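# Working through the structure, step by step
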Amino acid sequence: MKPARSLLPVVTVGLLGALPYLPSLSGDFVNYDDPYLVQRNRVLTEGRLTDLFDPTSGREALGSEFLPLRDLSWALELRLLGAQVPLGPREAQVLRTTNALLYGLACALAFAFLWRLFEAPRGPERSRAAWWAAAAFALHPVHAESVAWISGRKDVLAAVFVFATLLAYLRARAAPRSVLWLELCALLAACACLSKSTSTALPFLLLAVEVLDPGARRDPWSRRLLRIAPTFLVCAAAATLAAWVGRATGVGRGLDFVALLARLPDLALKDLVVLRHYLVLSFAPVEVRINHPTLLAALDPAGGLARHAALAALALGPLAFLLLRSHRRLPRFAALWFLGGLLPVLNLIPFSQWVADRFLCLPVLGPCALLAWVLVWLARRRPRLAQTLALSFLCVWGLRTGLRARDFRDSFALWEAQLRVEPGDPLAQEHLGRAYLRRGLEGRSRQDVERAAQLLAESVRGFARARPTNPGHAFEAAFLLAQARAALGAPREALLAGLAAHEALLRPGAVLSPQQGAVRGAALARTLKLLANELERRGDPADRPLIERARAALAALEPVR
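The paragraphs below set out a description of the structure included in this document.

Definitions and cut-offs
- Residues numbered from 1 in each chain as written.
- Predicted model: local features only at pLDDT ≥ 70, side-chain atom pairs only at ≥ 80, totals over all residues.
- Heavy atoms only, no water.
- Helix = DSSP H or I, 4+ residues; strand = E, 2+ residues; numbered from the N terminus.
- Buried < 20%, exposed > 50% of the residue type's maximum accessible area, 1.4 Å probe, protein only.
- Contact = heavy atoms within 4.5 Å.
- Areas by Shrake-Rupley, 256 points an atom, 1.4 Å probe, with all protein chains shown as cover.
- Salt bridge = Lys/Arg side-chain N within 4 Å of Asp/Glu carboxyl O.
- Core = buried A, V, L, I, M, F, W, Y, C linked by side-chain atoms within 4.5 Å.
- Expected span 1.5 Å × (residues − 1).
- Axes fitted to C-alpha atoms, helices over the stretch in contact; angles between N-to-C directions.
- Parallel < 35°, antiparallel > 145°, perpendicular 65-115°, else oblique.
- Left-handed = near helix turned anticlockwise from the far one by under 90°.
- Nonpolar A, V, L, I, M, F, W, Y, C, P; charged D, E, K, R; others polar.
- Disulfide = S-S within 2.5 Å.

### Re the overall build of the protein chain
Tallying secondary structure elements over the protein chain gives 25 helices and zero strands in all. Counting all 561 residues of the protein chain, 53% fall into the buried class. Here the analysis covers contacts within the protein chain between residues at least 6 apart in sequence; of these, 75% occur between residues at least 24 apart. Here the protein chain has roughly 25,500 Å² of accessible surface; of this, 63% comes from carbon and sulfur atoms.

Now the structure itself:
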C-alpha cells in the first residue's frame with residue numbers, strides 16, 4: 001500500500017475521534033477542579049518550569065500528583081498565549097482545542113497500533129477489525145470527560161504516549177537484534193507515566209499483545225518477558241514515585257502488604273462491583289457521569305455490598321470462563337487488556353476515589369476489540385447485518401459522546417446534567433448553587449445550596465446510622481454541610497454539622513495518611529473557629545454550651561493537625 005493511502009485511514013480515525021467534541025470547544029472553565037488546577041493557578045503562568053519536575057516541591061497547587069508532563073503542557077501553552085490568572089474564556093477555548101487535538105492524535109495512533117497488531121487475519125478482515133475497533137474506541141462516550149474537561153488533559157496526553165509506546169514495542173518485536181526500539185519503548189513509557197500515573201499498567205498491555213500474537217517464530221515466554229522487562233522497570237519506578245508523592249501529599253498511602261492482606265476480602269467484594277459497573281459501561285455507555293461517590297459508600301458492608309458483589313460474580317464469572325476457555329486469542333487479549341488496564345485503579349493503594357468514567361480511557365479498548373471481533377465473525381456469515389450493526393453502534397455512540405461533550409461547556413450544563421442522572425447528588429447541587437452565585441443570581445443560588453444542605457443532612461444521618469461505613473465519606477458530608485449552612489446564614493446549624501465532621505474525622509479510617517489528616521484538620525479547625533466566633537458575637541446564652549464544645553473540638557484537633 002502506498003504511504004499516502006496507508007495514512008488516509010489513520011487520519012480519518014483521528015478526525016473521527018475529534019469530531020464529536022467540536023460543540024464543546026467554545027466552552028469555558030467549569031467549577032470542577034478547573035479553577036484551582038488551571039484557571040487560578042499561578043504556578044503554571046509564573047512559576048519556574050523546572051519546579052514542575054521536582055517531586056519534593058509542594059504539589060497541592062497541582063492536584064497533589066506528580067504529573068510534570070501534563071503540567072508542562074499547560075504551562076507552555078499558557079505562556080505562549082501570554083495569559084495571566086485568572087484565565088478567561090479565550091484561554092479555555094485554546095486549552096479545549098488542544099485536548100481535542102491530542103485525543104485525535106491518540107485515536108490515530110490507536111488505529112495504527114491495531115492495524116499492525118491484527119496482521120494475523122489477512123486481507124480485508126484485518127482492515128475491518130482494526131477499523132471497527134479503533135472507531136468504537138474513538139467514539140466511545142466514556143472519553144468525553146477526559147477530552148471535553150480541561151482538567152482531563154492527563155488522560156489524552158497519556159493515551160498519546162501509551163499508543164506510541166505500543167507501536168515502538170511492535171517495531172522492537174519485528175527487529176529483535178536492535179535494542180534501539182526497546183529503549184524508545186521505555187522512554188515513551190516514562191513519558192506516559194509522567195502524564196498520568198495509571199499508565200503504569202503498560203506492562204500488562206504489552207503482555208496482552210504477546211498473548212494475542214506470539215510472533216512469527218513463536219518466541220518462548222522467557223524471551224517475551226525479557227522484551228517487556230525495560231518497560232516494566234520504568235513503570236515500577238514511576239509507580240513507586242507516584243505512591244511516594246501521594247503519601248507525602250496526603251492523597252493516598254503506600255502499599256502495606258500486611259494491611260492489604262487484612263482488607264483483601266473487603267477489597268475483592270468492592271472490586272467485583274466496580275468491575276461489573278465498568279463492564280456494563282464499556283458495552284452500554286448509557287449513563288455516563290462525572291464520578292460515583294455514592295456507588296460504594298451507600299452500600300451496607302454487612303449486607304448490601306455482599307449482595308451486589310454476588311450479582312457481580314454471577315455476571316462476570318461465566319464471561320471469564322468463556323474467555324479463558326476460548327481457543328481464540330483475541331478474547332483473551334481483550335480480557336487481559338481490560339483487567340490489566342484497570343489494575344492501577346482497583347485501590348490496592350487506597351485513594352479517595354473508587355470509580356470514575358475516565359478510568360476506562362485505556363481499558364475500554366479491550367471491549368472495543370472484542371466487539372470488533374464479534375462483528376468480523378458475523379460479517380463472514382451476514383455481511384450486511386454486520387455493517388448495519390457496526391454503523392448503528394458508531395452513530396449512537398458518536399451522538400452520545402457529542403451530547404456528553406456539550407455537558408462540559410460550562411458549569412451550569414455540567415451539574416444540571418449530573419443531577420438528571422443522579423438527582424440526590426449533594427455535591428452537584430452545591431456546585432450548581434456556587435455557579436449561580438458567581439453569576440450573581442443569589443435567589444437561585446440559595447435554592448440550590450438549601451437543596452444541597454438537605455441532601456447532605458440526609459447523608460450525615462445515614463452515615464450516623466451505618467457507623468461501619470467509610471468515615472472519610474462521613475467527614476466530607478458533614479464538613480460540606482457545615483459550609484452550606486454557613487453560606488445560608490445559619491451558624492448554629494453549621495457548627496453542629498462541623499462538630500459531626502470532627503467526630504467522623506477522629507474515627508479510624510477517616511484519613512489515608514497523617515498528611516491528609518493535617519489538611520482536613522486544618523480546614524475543619526478554621527471553619528469551627530469562624531463559626532464559634534460568630535456565635536460568640538451574637539451573645540446568646542443558649543449558644544454557650546455549643547461554643548464550649550467547639551473550643552474542646554479545636555483543642556482535640558491539635559494532635560490530628
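Additional details are given in the paragraphs that follow.
### Quick word on the pattern of salt bridges
All told, the structure shown has 20 salt bridges when counted by the stated rule. With a closest N to O distance of 3.2 Å, Glu-65 and Lys-154 form a salt bridge. Pair noted here: Glu-65 is in the loop between α3 (42-46) and α4 (68-81) and Lys-154 is in helix α8 (residues 153-174), with a separation of 89 residues, a long-range link. Take Glu-65: its relative accessible area is 26%, and that puts it in the partly exposed class.

### Some words on the nonpolar core
A general feature of soluble globular proteins is that nonpolar side chains tend to end up buried together. Membership of the largest hydrophobic core comes to 123 residues, with the highest contact counts inside it found for Val-38, Phe-113, Phe-118, Phe-163, Leu-166 and Trp-337. Here this core takes 14 residues from helix α5 (residues 89-117), the largest share from any one element. The contacts of Leu-166, once residues within four sequence positions are left out, are Phe-113, Leu-202, Leu-205, Leu-206, Val-209 and Trp-337. Listed in part, the 22 residues of the second largest apolar core include Phe-479, Leu-505, Leu-531 and Leu-546.

### Some words on α8
In a regular helix each residue adds 1.5 Å, so 22 residues correspond to 32 Å; α8 covers 32 Å between its end C-alpha atoms and thus fits that length. In terms of burial, α8 is largely enclosed, as 20 of its 22 residues are buried.

### A few points about unusual backbone geometry
Cis geometry marks the peptide bond from Val-85 to Pro-86; its omega dihedral reads -5 degrees. With phi around 75 degrees, Asp-33 is a residue other than glycine that occupies positive phi space. With respect to the helices, strands and loops of the structure, Asp-33 is situated in the loop between α1 (3-18) and α2 (34-39).

### Quick look at the packing of α8 against helix α10 (residues 202-212)
Where α8 contacts α10, the two axes come as close as 11 Å, and the packing angle between them is 45 degrees. Put simply, α8 runs oblique to α10. You can see that α8 and α10 cross each other, and the crossing is right-handed. Contacts from Val-162, Thr-165, Leu-166, Tyr-169, Leu-170 and Arg-173 of α8 reach α10 at Leu-202, Leu-205, Leu-206, Val-209 and Glu-210. In the contact of α8 with α10, the residues fall into eight nonpolar, one polar and two charged.

### Details of the state of the cysteines
Following the criterion strictly, the structure yields zero disulfides and no others. With no disulfide of its own, Cys-185 lies 8.6 Å from the sulfur of Cys-235, the closest cysteine sulfur.

### Considerations on helix α17 (residues 365-381)
In this model α17 runs 25 Å from its N-terminal to its C-terminal C-alpha over 17 residues, within 8% of the 24 Å that 1.5 Å per residue would give. Taking burial as the measure, the 17 residues of α17 include 12 buried ones, the bulk of the element. Along α17, the residues classified as buried are Leu-365, Gly-366, Pro-367, Cys-368, Ala-369, Leu-370, Leu-371, Ala-372, Leu-375, Val-376, Leu-378 and Ala-379.

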